Amino acid sequence: MQFLISLHINPAVLDALTDAEKAAIGEGHGRFIQSLKQSGELITTQALVDPSQAAVVSVRNGQPVVTDGPFLEAKEHLGGFYLVDCEDKDRAIELATQIPDAAIDGLGVEVRQVMFADGHLEA
């Protein structure tokens, strides 16, 4: 079963951390990635740039409309994700608890099963 483990970032929370705490988060992600690679559960992981660098694309009256910046004004934004292939939701939740962000009040880690991938519905 495939699961998306998404990381929700609150810039104010991150800005309040010390350099040592920020470094520990990065090191924790490095260890987590290595663990997922060793277990064979990692499909991919990506970190995303700040939403201020995003473009929102829509089509209105047949014409593309592109605006700079985030889709929504919010305190939190999607900071990155892990796509994993594991036995079940319980295992995906177990993996999510190992992500350093999960231990920081104000940051979020969400687990969602992939329903559709590469043209096939997941079981």
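Residues numbered from 1 in each chain as written. Predicted model: local features only at pLDDT ≥ 70, side-chain atom pairs only at ≥ 80, totals over all residues. Heavy atoms only, no water.

Participant: For the nonpolar core, give the residues involved together with the corresponding values.
Facilitator: The biggest cluster of nonpolar side chains holds twelve residues, and these are F3, I5, L7, F32, L36, Y82, V84, C86, A92, L95, A96 and I99. Among the secondary structure elements, those contributing two or more residues to this core are β1 (2–9), α2 (19–39), β5 (77–85) and α3 (89–96). Setting aside anything within four residues of it in sequence, one finds I99 in contact with I5, L7, H29, F32, Y82 and V109. Membership of the second largest hydrophobic core comes to five residues, among which are L17, I25, I104 and L107. (Core = buried A, V, L, I, M, F, W, Y, C linked by side-chain atoms within 4.5 Å. Buried < 20%, exposed > 50% of the residue type's maximum accessible area, 1.4 Å probe, protein only. Helix = DSSP H or I, 4+ residues; strand = E, 2+ residues; numbered from the N terminus. Contact = heavy atoms within 4.5 Å.)

Participant: I'd like to hear about the pattern of salt bridges, residue by residue, with values.
Facilitator: Enumeration according to the criterion identifies two salt bridges in this entry. With a closest N to O distance of 2.8 Å, R91 and E41 form a salt bridge. Of this pair, R91 sits in helix α3 while E41 sits in the loop between α2 and β2 (42–47); the two residues are 50 residues apart in sequence, bridging distant segments of the chain. The partner of E94 in a salt bridge is R91, with the nearest N and O atoms 2.9 Å apart. Highlighted residues: E94 and R91, both in helix α3, separated by three residues, approximately one helical turn. The exposure class of R91 is partly exposed, given its relative accessible area of 21%. Taken together, the shared-partner salt bridges in this structure form one network comprising E41, R91 and E94. (Salt bridge = Lys/Arg side-chain N within 4 Å of Asp/Glu carboxyl O.)

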